[in-house]
Structure formats: structure tokens, C-alpha cells
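Structural overview for review
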Amino acid sequence: MTNLIFNVPVPSITIAGTDARFPVRRIFCVGRNYEEHAKEFGNNPKDPPFFFTKPADAVVESGAKLPFPVATENLHFEAELVVAIGIDGSAIDRDAARKHVFGFAAGNDLTRRDLQTQAKEARRPWDMAKGFDNAAVLGAITPVAEWNRDAARITCTLEGVLKQDANITDMIWPVADIIAYLSRLVHLRAGDLIMTGTPAGVGQIKPGQVCTVAIDGLAEATVTLG
Ligand code: MN
């Protein structure tokens, strides 16, 4: 790679219990994966899963103090289970999906909701609503050998007030189905992250507030907005 005219850093996330780091290749996100959240935006929960993306370098580690995002008057939190892919695969069957998982993390899919609403109304892409700088807050990744659950409480707390409280069993499309669907749209690669959608109760984060996503057994994802 000596011909590169400059170096581009590889984004990465802490792996719990080690000093090794997980390199981030791409970030895929599932839209509307909890029935009550789909309904709160007036959508049909029985639709098949759909996906959007964030740039890899949108990842920030738990504990970050971020400048308040530009170009929004309505920043939202979204508590999500994040899947870290460790082994490449395409057209993966749901029964084989777990073999491709390196580990899991708690994440916050930060959203410029006002830009998303405008994009929906104008039938434009969501990129600038979802894929802005620092838009993916992640806790440390726990390897699948230490955390491989189909049920776990997922919460989002804003300034100490519980805002989202659900269980990953409430997902319309569980992790194995998401991997099966997504791997038929792209060739999944080691380093890919999948944010698996948020439960009901999303809401606004204002400047100066602290927001924490917690999932039983995983490291929490906390962020402070400037
Ligand atoms: Mn989301």
C-alpha cells in the first residue's frame, strides 16, 4: 500500500475484556424492527426488513463527549443491539447465521429526526439523517462465546430518566433472520456491524444531556452531547 498518497485511519471499537480492537468495515442498520416502534411512526410491522447505512467512521466509543451535531433541531436517540460480523458470508441460512457473528454490543443509532422527516416527505434518501459524523455510539463488543442470548432487556436512559425499555425478544426480525436477509443483498464481511433496530420510546436529546443505552450482559453505550 506504499502508493497511497496519505493514510486513512481504520475506525475500530474496543473488545470487552481484552486490549484488542474490532476494525469497522461497514455499518448496516435495520429500519423498524420492533412492532411498537413501527406503529409509533404509523408503519406496518409486518413489512420485510429494510436497511440503511452509516459510514464506518461514524462510530464513536462509549464515554465520548461529542460536539452537538450540526444541521439539526431534533436529534434523537435509538437504543439498539449491534451485531459484529467476524466471518465473511453471502446467502447465509438463518440456522448458520450465528457462525458468522464475532460478538454483540449496545449501540445508539443517533438520528437527525427533522432531516429524516424531510427526507421521507420528499422521498429522498436518509443518508444525511442517519449517516452524519459520530452518529453510531457503541459500547465495547462482547465476543459471542461470552454473550449469545435470544432474550435480553434493552433500555435507553436520558439524564437518568428511562425512555426506552423493551426486550430483544420483541424484534420482528431476530438476529439470524437479519443476517439471512442482509447477506442476500450484500456479501457480508468481517468487520461489518449491523444495528438491529430500536424499540418504541425514541425521543430527543438536547445539548448538554447524557444518554445511555444498556443491554443485559453487555457493556453500556453512553454519550454526552455538547
Ligand atoms: Mn435505528
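Reference entry: report on the structure contained in this document. (Residues numbered from 1 in each chain as written. Predicted model: local features only at pLDDT ≥ 70, side-chain atom pairs only at ≥ 80, totals over all residues. Heavy atoms only, no water.)

**A closer look at the overall build of the protein**
Helix and strand counts for the protein come out as four helices and 18 strands. Computed over its C-alpha atoms, the radius of gyration of the protein comes to 17 Å, within 12% of the 17 Å expected for a compact globule of 226 residues. For the protein, the spread of C-alpha atoms along the three principal axes comes to 45 × 40 × 35 Å. The buried share of the protein, reckoned over its 226 residues, is 50%. (Helix = DSSP H or I, 4+ residues; strand = E, 2+ residues; numbered from the N terminus. Rg over C-alpha atoms; globule rule 2.2 N^0.38 Å. Buried < 20%, exposed > 50% of the residue type's maximum accessible area, 1.4 Å probe, protein only.)

**A few points about helix H2 (residues 113-122)**
Each α-helix winds once per 3.6 residues, and so residues spaced three or four apart point in a common direction. Taken as a whole, H2 has its buried residues at Arg113, Asp114, Gln116 and Ala119. On its buried face, H2 is in contact with strand E7 (75-77), strand E10 (111-112) and helix H3 (127-130). Backbone geometry just after H2 places Arg123 at a positive phi near 55°. (Contact = heavy atoms within 4.5 Å.)

**Side note on the pattern of salt bridges**
Under the criterion given, the structure shown has 13 salt bridges. Across the pair Arg21 and Glu61 runs a salt bridge, and its minimum N-O distance is 2.5 Å. Highlighted residues: Arg21 in strand E2 (residues 21-23) and Glu61 in strand E5 (residues 59-61), separated in sequence by 40 residues. (Salt bridge = Lys/Arg side-chain N within 4 Å of Asp/Glu carboxyl O.)

**Some thoughts on the sheet that holds strand E17 (residues 210-215)**
Across the sheet, five strands lie side by side as E6-E18-E17-E13-E14; this open sheet has mixed pairing. Looking at strand neighbours, the two that pair on one side only are strand E6 (64-66) and strand E14 (161-167), the edges of this open sheet. Strand-to-strand twist across the sheet, computed as the mean angle between neighbouring axes with direction ignored, equals 15°. Strand direction decides the pairing type here: strand E13 (residues 153-158) and E17, joined by five bridges, are antiparallel. Residue pairing across strands places Ile154 opposite Ile215, the latter belonging to E17. (Pairing = 2+ DSSP bridges. Axes fitted to C-alpha atoms, helices over the stretch in contact; angles between N-to-C directions.)

**Observations concerning the pairing of strand E8 (residues 79-85)**
Counting buried positions along E8 yields seven of seven residues, so the element is predominantly enclosed. Residues Ala79, Leu81, Val83 and Ile85 line one face of E8 and the alternating positions Glu80, Val82 and Ala84 line the opposite face, and both faces are buried. As judged from the seven bridges shared by E8 and strand E9 (residues 101-109), these two strands associate in the antiparallel manner. Each residue of the ladder has a partner; that of Ala84, found in E9, is Gly103. For E8 and strand E15 (residues 193-195), the ladder comprises three bridges, and the chain directions are antiparallel. Paired with Val82 across the two strands is Met195, which belongs to E15.

**Side note on the sheet that holds strand E16 (residues 203-204)**
Strand order in this open sheet of three strands is E10-E7-E16, and the pairing throughout is antiparallel. With one partner strand each, in any of the chains shown, E10 and E16 form the two edges of the open sheet. Alignment of E7 against E10, held across two bridges, turns out to be antiparallel. Bridge assignment links Leu75 to a residue of E10, and that residue is Arg112.

Keep in mind these values describe shape, not function.
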